[in-house]
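# Inside the fold
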Amino acid sequence: MLLAVGVCFLTSLAAVNMFGRARAADGRSRLVWLMLTGVLTGCGVWATHFIAMLAYLPGFDIRYDLLITACSLVAATVMTTAGFAIALFKGGRQGGLTGGAMVGAGIACMHYMGMASLRIPAVIVWIPDLVIASILLSILLGAAAMVMAQHSYSPMRLLLAAMLLTLAVSLHHLTGMGAVDLLRQANVVDDKDLPSPVALSAVIAAFTAAVVLAGLIGAMSDRQTKRGIGLRGMQLDAALNSMAQGLCMYDVEGRVELWNDSYLRMYRIAPARMFVGATFEQVLALRKAAGTAFVEPDLYEAMLREAVANRKPATYTAELPDGRIINVQFRPTNNGGWLATHGDITEQKLRDARIVHLARYDAMTDLPNRFAFNEHLTRIFEQAAAGQGSFAVVRADIDSFKEINDVYGQVVGDAVLTELAKRIKVACHGAFLARQGGDEFSIVSLLGPELQTAEDLSVRLSAVLDNVLQIGREMVQVRCTIGISVYPQDGADVETLVSHADLALHRAKAEDRGTIRFFEAAMDRQIREKRLMQRDLVVAIENKQFELYYQPQSTANGVVVGFEVLIRWHHPLHGMVSPGVFIPLAEETGLISTIDEWVLRAACREAVSWPNQLAIAINLSPVDFQRSDVPALLAAVLSETGLSPARLEIEITEGILIDDFARAIAILRQIKALGVRVAMDDFGTGYSSLSYLQSFPFDKIKIDQTFIASLEDNPQSAAIIHAILGLGHSLGLPMIAEGVETEAQLAFLTAEGCAEVQGYLIGRPQPIAHYRSLVSGGREYFEVKRAG
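Below is a short write-up of the structure. Keep in mind it's a predicted model, so treat the numbers as computed, not measured. (Residues numbered from 1 in each chain as written. Predicted model: local features only at pLDDT ≥ 70, side-chain atom pairs only at ≥ 80, totals over all residues. Heavy atoms only, no water.)

### Details of the side chain of Glu649
Here is the rule we go by: Secondary structure elements are defined from DSSP: runs of H or I of at least 4 residues count as helices, runs of E of at least 2 residues count as strands, and each element is numbered from the N terminus. Two N or O atoms count as a polar contact when they lie within 3.5 Å, although within protein this holds only if one can serve as hydrogen donor and the other as acceptor, and sequence-adjacent residues are included solely when both atoms are side-chain atoms. Throughout, a residue-residue contact means that at least one pair of heavy atoms, one from each residue, lies within 4.5 Å.
Relative to the assigned elements, Glu649 resides in strand S20 (residues 648–652). Of the polar contacts made by the side chain of Glu649, one reaches the side chain of Lys700; its length is 3.4 Å. Sequence-distant contacts of Glu649, that is, excluding residues within four places in its chain, are made with Ile616, Ala617, Ile618, Arg677, Ala679 and Lys700.

### Remarks on the packing of helix H4 (residues 92–116) against helix H5 (residues 128–150)
Which entries qualify depends on this criterion: The axes are straight lines fitted to the C-alpha atoms, using for helices just the contacting stretch, and the angles between their N-to-C directions are given from 0 to 180°. Oblique is the label for every angle not falling under 35 degrees (roughly parallel), over 145 degrees (roughly antiparallel), or within 65 to 115 degrees (roughly perpendicular). Put simply, a crossing is left-handed when the front helix is turned counterclockwise from the back one by less than a right angle, and right-handed when it is turned clockwise.
At a minimum axis separation of 7 Å, H4 and H5 run at an interaxial angle of 140°. Judged by the angle between their axes, H4 and H5 are oblique. H5 is crossed by H4, and the crossing has right-handed handedness.

### Concerning a nonpolar patch on the surface
Selection criterion: Patch definition: residues above 30% relative accessible area lacking any salt bridge, with like charges linked at up to 9 Å and the nonpolar side chains Val, Leu, Ile, Met, Phe, Trp and Tyr linked at up to 5 Å. For the accessible areas, the method is Shrake-Rupley and the probe is 1.4 Å, while residue cover comes only from the protein chains on display. We define a salt bridge as a side-chain nitrogen of Lys or Arg found within 4 Å of a carboxyl oxygen belonging to Asp or Glu. Between buried and exposed lies partly exposed: a residue is buried under 20% and exposed over 50% of the maximum accessible area for its type, with that area taken using a 1.4 Å probe on protein chains only.
Taken together, the side chains of Met1, Leu167, Leu171 and Leu174 define a hydrophobic patch exposed on the protein surface, amounting to about 340 Å² of accessible area. Looking at the secondary structure, you find Leu167 in helix H6 (residues 155–178). The exposure class assigned to Leu167 is partly exposed, which follows from its relative accessible area of 40%.

### A look at the nonpolar core
Quick note on the threshold: For this analysis, a nonpolar core means a set of buried residues of the types Ala, Val, Leu, Ile, Met, Phe, Trp, Tyr and Cys, connected via side-chain atoms within 4.5 Å.
Counting residues in each nonpolar core, the largest one holds 78 residues, and the members touching the most others are Trp610, Ile616, Phe625, Leu648, Ile671 and Phe698. Considering every element that reaches this core, the biggest residue donor is helix H19 (residues 592–608), with eight residues. Residues contacting Ile671, with those up to four places away along its chain left out, are Phe625, Val630, Pro631, Leu634, Val676 and Val678. Formed by 44 residues, the second largest nonpolar core is a distinct cluster that contains Cys8, Phe19, Val103 and Met148.

### Concerning the packing of aromatic side chains
Stated precisely, the cut-off is as follows: Note on aromatic contacts: the rings of Phe and Tyr and the six-membered ring of Trp form a pair at centre separations within 6.5 Å, being stacked when their planes are under 30 degrees apart, edge-to-face when over 60 apart, and tilted otherwise. Lysine NZ or arginine CZ positioned within 6 Å of the ring centre and within 35 degrees of the ring normal marks a charge as sitting over the ring.
Counting across every chain of the model gives 24 aromatic pairs. Considering the side-chain rings of Tyr250 and Trp338, the 4.7 Å spacing of their centres and the 20° angle between planes classify their relative orientation as stacked. Highlighted residues: Tyr250 in strand S5 (residues 246–250) and Trp338 in strand S9 (residues 338–344), separated in sequence by 88 residues. Assigned by exposure class, Tyr250 and Trp338 land together as buried. An aromatic cluster is built from Tyr250, Tyr263, Tyr267, Phe280, Phe294, Tyr300, Tyr316, Phe330 and Trp338, whose rings are joined through pairwise contacts. One residue, Arg287, lies across the ring of Tyr267, its end atom 3.9 Å from the ring centre. A cation over a ring is seen here: Arg568 above Tyr549, with NZ or CZ 5.4 Å from the ring centre.

Pasting the structure below:
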């Protein structure tokens, strides 16, 4: 019995130890330790039972069924492994209780399977109360042992957990054996093939050896673990010494416990002079001797002593005599000491200073940027308002700077900006100069009798209006346009002054580039009217204040072939607003895209309802072609309305082709691929480059009405029309003349072979209701009108 208890305790102690390894490990290593724990526990329970059974002497020979005996070993191993797995993976007190109960159940299962393997000439009569008591003992003690094993961080807890598991096995066995009562039978058991107690003892000895082997494995594992701890110590030392930051750890008494090489290098301390147990004051003395004490050491020491007293993290940034900047982070440790990390942030501080500079200054010219300008302007405004002073806000812009970049390249363009910034700075005579971005410069200049008047400022700035700059081998002609507003007469706040300077600049660029323009009150009225018109235009889109008008297009002999679709705006206060007024504003603000999309949908929807399948011509703005989705929009509208693409004609001006010729041609080809026709509007004005006609197969050329209007009075107009029509005939392009108002104009165009005409002579722009009979039936509208 003592041998059985000893084997049980040793296996329990090894099992709890291995379970601790499983809890500390992860991955495959955790599973291996778990399996070893379960197998060792199961073998220990099995060996304990059968060693104890050798001490059981009922008065006759005992034999064992080999199969049931083996199954009892398997059952013990499986159930104890499952119990440890539950405690390991579920975790917590609940997991420990459940897993321990499973181990206790495994102990009971093994015991009673072992008793079932007995082959004796007697019948076992069980005492139920003791059977139940034995099972409860194994479960309760197993649960207690498992909970203790989950927290076996100290040798005492490890020992206590092993003792509880030993009690679970031993008390269960003793109580279970106490529940046995034998009734002797006369018949003799055939035990020739059953193992004798001697044979079983050999098997038990083998398993006991296995237990010893498992113990050896555990011992070897301990040795490897210690070696691993040593290796980790070396790795930790290597990691500490590879840190860029210096590190120094102090104990509760303020003595050095640990430091790394970076700390010594940072403060130029000789390694031989640093030692374990040195006080904080001694370390500071070493740094002072090396010339690396902080510039203000008293502040640093006061901060550290306060942080140590309060046991709270702290950060301190200090400067060394050689200019380096060190950031010290203090952290208290659990043992009452503290850990300080020292980082050299000199480069970071320089980068931060550079970032702060870039946040306020332009990288190219090193002039103050928009943010710094606004800040300075606000400060000057507050000073002037308090002292009733005066200052000027100047906005300067380089004329045609995009062309300079396009012709000479961006490198030359950047050099132009840099050189011009220098010249403007000289002309400013100390005034605040900023680069707003792009090719825009802003100036804030104080005005007054002792400084300079606004006129004097404009004279000085005129020196930079027209320059020839030599950039490398290039001679670049540069002109500037300038707008000026003056406080207080041109604005009572910063925003108004800047806005009025911009208005003066824009008026100068619109009327006379390369000049200086002071703000005038009339400019403000015009811009306010423009803003009101823009606001009303937004309301008109939302409230559907637009209406479509239709002007017929016919052949020279009077057959109406289609309509040009025109838009009219019924303003609720101003009545009918001319397209010449609101279309440019819509293009400037980007609202034209929304308007053109509405026109396109409404016109196509209307044309689909006509029994007479006449064509419609719709103008698209160059702004629309800055959107790459024009072909997609046309396709969507045609699909939604069901209009045949052949009935739709898109009229464009050459402005679409000027900015990005290749992109515009690509979009026009996509439009033609839909089956939609494309016409060149206002031909003869602007550039009217013949390369456009060569690069894209237009379906129609529209002669501008300015030539038609002067046809009868100006021979040159007649010659131009003759040349345009001849060009069209040669290229096989259909031609249409717009603005035809007299019979003489029509007769001339007919004689010259113009295929189609449009104008008041044919029909004025009207709502479609005016032409309802035409779209519903006959096409000979022109002849009917002339006859009437």
